[in-house]
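Here is what each chain is made of, one letter per residue.
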Amino acid sequence: MPSVSKFHKDFARAALKHQAHKNGWAAAEGFLAADAGAWITIHPNGKGPKADGSGNKKGRRIKIDPQTGEVLKGLGGKFNGRHISEVKSKNSPQQPEQAAHVVLRGQLQRSGRLDDIQELGKQQRQNAALTKQLETQRQEAQSSKQQAEAAAQGQSKAESENASLKERIAQLEAQLKQQQESSAQATAQSKEQLKAEVTKELRQEQNQPKDQQIDLELPERIAKDIVLQNRSRSNKASVEQMESIARSLDYYRVGTSNDFNSGSPVISFGNYDRNCFGNKETLVMANGKHLDVQYAVVEASDVLTSHNAHGSERSEYFSDDPSKKRAIAGNGRMAAIQLSYRSHKEQAAKYKQALLDNVAKHGCSPDVISGMQNPVLVRIMQPKDVTKDIGDQTNITQGMELNAVEQSRTDSKRMDVAQFQTYEDGSPTLESVRKFISALPKTEQAGLLTADGKPSRQAQDRLQNAMMMAGYDNEHLVRLRGQAINPEGKNMLSALCNAATKFAPLKESGNYGAEGKDGYDMSNIINAVVQGFTDYRDHGKGSDFRWERDLEMNDAQNKAAKDIAELVNANKRSSPRLTQIFKTIGTHLNEAYEFKQKAFSSWGLGAGLGMEDLDMRNNVKSPQQALKEALTEVKADFERKDREKLEAAARRERNSNPLLAGLGFGDSAQNIAGLLPRCNKRQRKAIAYALGRLVADRLLT
């Protein structure tokens, strides 16, 4: 018998397995005949061998009914009578009812009733879900009803308890109110008592005399090289300043301060009552040095000042006697306080009350202040700190002073340029300078007036700088005024200052129409002309000025600058003529600008009232037209003046020269020309003029 290979065995085994499964499924579905049973091999604990031979190779033989799939024999008889599908792995045994369900499912499917049963099951499940939902809602409704009944019972009980509680609260509130009233009365009494006690203690503490905390040892004599005051307060501005302080004496402007040159006066030397002292303080001087001082209150009349409030010098102030109290810093403030006590008692009383109100700051005794006739708060300086330059230190301000340009810009905002007049040389009139000084703060007026109340040279310079800034807004012009420049440059500056009143209004005007002040304000062109002129002169390029600089302006502005420059250069040696040039230009620009304003205003009014004939806009002159007319007018006037000057010179020469004295216009040209060889240059010029007049007269007759 031929040998059987492992492959053939595996194939036969798989075929048998396949046939068993097939027979089992057919029996389960009723496709097999019931004539005989069939033996099959199954693998209850696995899926049988795999293709590679691994896995469960050992099968179990079992006999089933091909029609019903019922197990007839095998497996020890424990599955006999059961369906083949119940023979499962021991890890997941199938229940008998599940097998019956499978058989039933197969039968229903074959009979076509499976879909109906499934739909019926679906409806039953939906009905069961609805029934459950309705039951849940019924239970919730029952619960809500029970809760509502309980809440109603609770509310009734709560209302009863609330009424009782309200009554109890009312009783407690009444008791509390009574207790609060009693407590408030007791508290008010306690507060008043406490306040009285604190006030008493504070007053006692304030009235306790402060110890002397600085060194007040006096020298035998005040050294002669010590200059206590290097500033005269006899001028009118200083007197007005002191009178102003006295009239409106304000403690908070002459009270506590850490600045050496402001606040209450700083005094030194002299002897002091031990009860007058207050708190110790540190002052800062203008040079940064720190000084130890002590607040004190003294009688105003006990302090010497360099000058009284009327400007009279007090000789005892400059003596070498150290026993006299002296104002070191704040002579003017001290003199003003003394004057206020004498002549402005109501204002002085306010100062005294403020002095009492600020006891906590200066520390002086209120009883001592109240007991004085004319108390003044001072800061006592140690005599050893009074150096020989102390007078200079008292008049140095802490802040940085403005330079000439900064000062001119500030001053230009304080004045109305149109009010000021100038002399022919460009300097402001005396009355204009007075008006300027009166418009300045009192603190700045002192240095601008002489002892007899007249404006100083410094005041005139400040006014001219302010006018230049107001008219041309040019820092270069202000700086030039402070430099040493040639005569022609001085003529230029004088003329510009003289004409500043004509250009300033154009800067103050607002925009109007399409051009506005930006078109009529030609100060930028004037500035360019002056800048170019001074640059050429300063750089040694000769006395003849040529317009060769690039001004970075448009064509119209360059043309205007060139025309102005040529006329200025031709008349640079005459300050009056330069003044006339600039004044005429400024006047024409102002008139053109004002006419434009009126033209636009009247046109708007006429259009609104149906009077279109009021439209004067076509007559408005552009800035270039106004400038051209101004230059034409100036040139014509200069030519007329030159001609008149030559005629006058010729007349004077003819009348003073015996050779020409008898000549008249009726004489022949030969007679006049015959005199030429015997005449000097001036005489020949006069003869030439006479010949010209003679020819002109004959042509006209």
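Trainee: Could you clarify how one ought to interpret the overall build of the protein in this entry?
Mentor: Within the protein, the secondary structure is distributed over 23 helices and nine strands. Sequence-distant contacts in the protein: of pairs separated by 6 or more residues, those separated by 24 or more amount to 67%. Of the roughly 41,200 Å² of accessible surface on the protein, a fraction of 49% belongs to carbon and sulfur atoms.

Trainee: I keep staring at the environment of Y295 and nothing clicks. Help me out?
Mentor: By the element assignment, Y295 lies in strand 6 (residues 290-299). Here S257 takes part through its backbone nitrogen, which lies 3.1 Å from a polar atom of the side chain of Y295.

Trainee: Would you explain the confidence of the model for the protein in this entry?
Mentor: In low-pLDDT regions, the fine details of the predicted coordinates are not to be read closely. The predicted model of the protein averages 75 in pLDDT, with 70% of residues at 70 or higher. Confidence drops under pLDDT 50 across residues 509-516; counting only partners more than four residues distant or on other chains, this segment forms 18 contacts. Across residues 662-666 the pLDDT falls below 50, and counting only partners more than four positions away or on other chains, this stretch makes eight contacts in the model.

Trainee: Whenever I open this one, helix 4 (residues 236-247) confuses me. Can you help?
Mentor: Think of an α-helix as turning once every 3.6 residues; residues three or four places apart then point the same way. Look at helix 4: 16 Å from first C-alpha to last across twelve residues, which is about the 16 Å you get at 1.5 Å a residue. For helix 4, the set of buried residues is A237, S238, V239, Q241, M242 and A246.

Trainee: Whenever I open this one, the packing of aromatic side chains confuses me. Can you help?
Mentor: Each pair of aromatic rings is reported with the distance of its centres and the angle of its planes. Applying the stated rule across the entire model yields seven aromatic pairs. Seen in terms of ring centroids, Y251 and Y351 are 5.9 Å apart; in terms of plane orientation they differ by 55°. Their pairing is tilted. Of this pair, Y251 sits in the loop between helix 4 and strand 4 (266-268) while Y351 sits in helix 6 (residues 345-357), placing them 100 residues apart in sequence. Residue classification places Y251 among the buried positions, given a relative accessible area of 3%. With centroids separated by 5.1 Å and ring planes inclined at 80°, the aromatic side chains of Y317 and F318 adopt a geometry described as edge-to-face. We note K325 situated over the ring of Y272; from NZ or CZ to the ring centre the distance is 4.9 Å. The positively charged end of R577 is found above the aromatic ring belonging to F638, 4.4 Å away from the centroid.

Trainee: Would you take a moment to explain the pattern of salt bridges for this structure?
Mentor: When charged atoms on two side chains of opposite charge get close, those side chains can pair. Counting across every chain of the model gives ten salt bridges. Note that K562 and E566 form a salt bridge whose closest N and O atoms lie 2.4 Å from each other. Of the two residues, K562 and E566 both sit in helix 18 (residues 555-570), four residues apart, roughly one turn of that helix. Overall, K562 belongs to the partly exposed group, its relative accessible area being 36%. Under the relative-accessibility criterion, E566 is labelled partly exposed at 42%. One network of salt bridges, with partners in common, ties together D637, R640, K641 and E644.

Trainee: How should I be thinking about the sheet that holds strand 8 (residues 325-329) in this particular structure?
Mentor: In a beta sheet, neighbouring strands pair by backbone hydrogen bonds and run either parallel or antiparallel. The mixed open sheet is built from six strands, whose spatial order is 5-6-9-4-8-7. Where the open sheet ends on each side, the last strands, each with one partner, are strand 5 (277-284) and strand 7 (303-304). Alignment of strand 7 against strand 8, held across two bridges, turns out to be parallel. Counted as the bridge partner of V303 is K325 from strand 8. Contacting strand 6 and strand 9 (375-381), helix 6 runs over the sheet at an angle of about 55° to strand 9.

Criteria and thresholds
- Along each chain, residue indices are assigned from 1 in the same order as the chain's sequence is written.
- Under the rules for a predicted model, residues below a pLDDT of 70 receive no local features and side-chain atom pairs below 80 are neither given nor counted, while totals for whole chains, interfaces and linings still include all residues.
- Remark: hydrogens and water are excluded; side-chain values derive from all non-hydrogen atoms of the structure.
- Each helix is a run of H or I in the DSSP string that is no shorter than four residues. Each strand is a run of E no shorter than two, and both are numbered from the N terminus.
- By definition in these notes, contact holds between two residues if any of their heavy atoms fall within 4.5 Å.
- Using the Shrake-Rupley algorithm and a 1.4 Å probe, accessible areas are obtained, with residue cover drawn only from the displayed protein chains.
- What qualifies as a polar contact is a pair of N or O atoms within 3.5 Å, subject to a donor-acceptor requirement within protein and to the restriction that residues adjacent in sequence count only when both atoms come from side chains.
- What pLDDT expresses is the predictor's confidence in each residue, scored from 0 to 100.
- Expected span, for any helix, means 1.5 Å times one less than how many residues it has.
- The buried label goes to any residue with under 20% of its type's maximum accessible area, the exposed label to any with over 50%, and the partly exposed label to all in between, with areas taken from a 1.4 Å probe on protein chains only.
- Planes of paired rings set the category: under 30 degrees apart is stacked, over 60 is edge-to-face and the rest tilted, where pairs are Phe, Tyr or Trp rings (Trp by its six-membered ring) whose centres lie within 6.5 Å.
- Our definition puts a charge over a ring when NZ of Lys or CZ of Arg is within 6 Å of the ring centre and also within 35 degrees of the ring normal.
- The rule for a salt bridge is simple: a side-chain nitrogen of Lys or Arg has to be within 4 Å of a carboxyl oxygen of Asp or Glu.
- Strand pairing follows a simple DSSP-based rule, namely that at least 2 bridges must link the two strands.
- Here an axis means a line fitted to C-alpha atoms, over the contact stretch when the element is a helix, while the angle between two N-to-C directions is reported on a 0 to 180 degree scale.

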